[in-house]
Amino acid sequence: MNRVSVAGRVVVMIMVLAIAACGDYTDPVMSPPDEAALRGGPLGGLDIAAQFAGTSPEVMALPGTVFAARDESTGRLVFGVERPAVANDIAPIMARQGIPESGYRVEVTEPIRFMSTLRSEHRPVIGGVQIHWSSYVCTLGFSVDHAGGRSFITNSHCTDNQGTTGTTQYNQPSRTSSPDPIGFEADDPAYVRGGGVCSRGKVCRYSDAARALYESGIESRARIAKTTGENNGSLEVAGHFAVQSQDNSSTSFSGTMHKVGRTTGWSSGNVTNTCATVNVSGSNIQLLCQTIVQNTGTQIVGGGDSGSPVFTRGSGDNVQLVGILWGGNTSGDLFVFSPFKSVQDELGSMNATTDGVGGDGGGNGGDDGDGGDDGDGGDGPNCPPNSNNPACR
Amino acid sequence: MSVSPAASWGTRLVEPPRRSGSIRAVVTPLVLAALAGLFGPAGIAMAGPEGPIASTSHHSTLSPTVSDSLKLRLKLPEKVKAGVAVPMTLRAENLRQEPLDLYLTGRPIAFDIIVLDEEGRVAWRRLEGEIISMVLRMETLAPGDILQFTHTWDQRSDAGDPVPPGTYTVRGELPAEGGPLVTKARTLRITP
């Protein structure tokens, strides 16, 4: 009885497999080339390559098309579209070329996008992305409206001369990939001795922050790049945090702090020390009233993250800006940031919650009436109208 | 554009001293070609400022796993008497026939020296408890060029106490993008 049963099962399985195989064979996707499709219409008699050449340019010009390809195994053209309705736009083109429906197929597929990272070019400019100056790389903190004009904030040590307002030129993400500068250093207050708070032999400030004036026409947003996840090391930009508010009054903090930087992406940790005096390794610089954030065993900071915006999260992707990161330990599980209040105390009042354009407002130029002589150039800088390049002012 | 000595290209760089140590870096002209053409379409991992040096890029940058391009060596005496200051020199030399880009952390460039006792415990670490600025410096070494850092250890532990005589293992590290560049371990005997 068992023997018969087993044999019967084997027969049934073979039949099922055979039917399945036949089923596969009758699948339209796997069917052999439609001879009629290869012969009819203006492209009749042409091979699939010619069909492809004759139709794909027009099809790919349609909004919502993703790709065009040749399926050599079936002799069909294949078109990828973002939504089914696009197929209705493809049909007339194919019909006009004499290709029947059986001569091609349309697939709905995800649109293909360039992967944007924190080291890609971002226009309008947003916070948390890479900037390049001289032979160094840092992170752009955030963009602000300032009495001096539309600006962005990064670290004081991300300038040519720390503690001296110079002419540092910033490119985003780098000078090689994006040769036009996005801005020039506009304010980097001096570090000072004494004052009853600065240790002997040290020079001090309350924030490691400098302001750079955007070049005319450079748009910037009150946003911070958001990567694919928190503390996952990803640099791929998957959205944005919206800077909904800024902390204008706090120098002491608690709880979880977040940052986004070009090296370690979006990371977070808990405040372990607040309003701490911190010496910068290898220098005589001392920063007063800083906040230390740690996430033991997790890398939350790395070289290049200097300038990262530090924030607390609200609802959804809304955040409150609380400071700017400047340092960390060698193992990378601890970072230090300067409070936003201290940044304003040293650089002047600013609003990080608005969008803007370089050259708008402030005192950054405007009068281009008599500066027209751009004749011989020489070795001078290339000065677009209203440039904030100090050499052009 | 004015450029500070610390940020200039093609000049000899002298960084300020730190504690009892000093950093002296021999800097070569930055080869612009090394930067040119690095950047491809957005999102594609590239070397240098556009991507980690340990990426799949073919650019002549240094991955921490690549040791035939860079000779990283820690120089120190094999034997010293207890209480005598120990000079230590960390040297990074480009062994290639072409420029080599290094992406190093800190301003001034940070370097670490770690001394382990016979049980493998850290007796002293140069950057223990230090906060370094998280800037990334692109340093290009021409063929044969050497980047050199020096420090004198006073034989005191991180807690400030003199370490006892014994045999210690010492290694140097350069924090870099993609992970620290690490020297081979050296042995130091401290005799009574």
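An account of the accompanying structure is given in this report. Computed from a predicted model, the values in this text were never measured in an experiment. (Residues numbered from 1 in each chain as written. Chains lettered and ligands numbered in written order. Predicted model: local features only at pLDDT ≥ 70, side-chain atom pairs only at ≥ 80, totals over all residues. Heavy atoms only, no water.)

## Observations concerning the overall build of chain A
Argument step 1. Assigned secondary structure in chain A consists of five helices and 22 strands.
Argument step 2. For chain A, long-range pairs separated by at least 24 residues make up 64% of all intrachain contacts whose partners lie at least 6 apart in sequence.
Argument step 3. As displayed, chain A has an accessible area near 17100 Å², and 52% of this comes from carbon and sulfur atoms. (Helix = DSSP H or I, 4+ residues; strand = E, 2+ residues; numbered from the N terminus. Contact = heavy atoms within 4.5 Å. Areas by Shrake-Rupley, 256 points an atom, 1.4 Å probe, with all protein chains shown as cover.)

## Re the packing of helix α3 (residues 48-60) of chain A against helix α4 (residues 86-96) of chain A
Residue and element names in this part refer to chain A.
Argument step 1. One way to put it is that α3 packs onto α4 with a least axis distance of 10 Å and a crossing angle of 155°. Classed by the angle they form, the pair α3 and α4 counts as roughly antiparallel. Remark: the crossing between α3 and α4 carries right-handed chirality. Between α3 and α4, the residues in contact are T55, E58 and V59 and I90, I93, M94 and R96, respectively. (Axes fitted to C-alpha atoms, helices over the stretch in contact; angles between N-to-C directions. Parallel < 35°, antiparallel > 145°, perpendicular 65-115°, else oblique. Left-handed = near helix turned anticlockwise from the far one by under 90°.)

## Some details on α4(A)
Residue and element names in this part refer to chain A.
Argument step 1. V86, I90, I93 and M94 are the residues of α4 that are buried. Projection of α4 onto a plane perpendicular to its axis shows the buried side chains occupying an angular sector of 95°, all on one side. Structural note: α4 exposes N88 and A95 on the side pointing more than 90 degrees away from its buried face.
Argument step 2. Directly beyond the C-terminal end of α4, a positive phi value near 80° is found at G98. (Buried < 20%, exposed > 50% of the residue type's maximum accessible area, 1.4 Å probe, protein only. Arc of directions from axis to C-beta.)

## A few points about α3(A)
Residue and element names in this part refer to chain A.
Argument step 1. Helix length check: α3, at 13 residues, gives a terminal C-alpha distance of 17 Å against a target of 18 Å (1.5 Å per residue), a fit within 8%.
Argument step 2. The largest bend along α3 reaches roughly 30° and is located at G54, with the proline P57 sitting one to four residues downstream.
Argument step 3. Among all positions in α3, only I48, Q51, T55, S56 and V59 are buried. (Expected span 1.5 Å × (residues − 1). Bend = angle between axes of the 7 residues up to and from the residue.)

## Examining the packing of aromatic side chains
Argument step 1. Overall, the coordinates contain ten aromatic pairs over all chains when judged by the stated rule.
Argument step 2. Considering the side-chain rings of A:F253 and A:F337, the 5.4 Å spacing of their centres and the 55° angle between planes classify their relative orientation as tilted. Placement of the pair is A:F253 in the loop between β14 (237-246) and β15 (256-261) and A:F337 in strand β20 (residues 334-339), with a sequence separation of 84 residues. Here A:F253 matches A:F337 in class, with each residue buried.
Argument step 3. An aromatic cluster is built from A:F152, A:Y170 and A:Y214, whose rings are joined through pairwise contacts.
Argument step 4. Above the face of the B:F111 ring, B:R126 is positioned so that its terminal group lies 3.7 Å from the ring centre. (Phe/Tyr/Trp six-rings, centres within 6.5 Å; stacked < 30°, edge-to-face > 60°. Lys NZ or Arg CZ within 6 Å of the ring centre and 35° of its normal.)

## Overview of the state of the cysteines
Residue and element names in this part refer to chain A.
Argument step 1. One pass over the structure, following the stated rule, counts three disulfides over all chains.
Argument step 2. Each disulfide pairs two cysteine sulfurs, and for C138 the partner residue is C158, the sulfurs being separated by 2.0 Å. The sign of the -80° torsion about the S-S bond sets the C138-C158 disulfide as left-handed. Taken together, the residues C138 in strand β6 (residues 136-139) and C158 in the loop between β8 (151-154) and β9 (169-170) connect sequence positions 20 residues apart. The same class applies to C138 as to C158, namely buried.
Argument step 3. Covalent S-S linkage joins C275 and C289, the inter-sulfur distance amounting to 1.9 Å. (Disulfide = S-S within 2.5 Å.)

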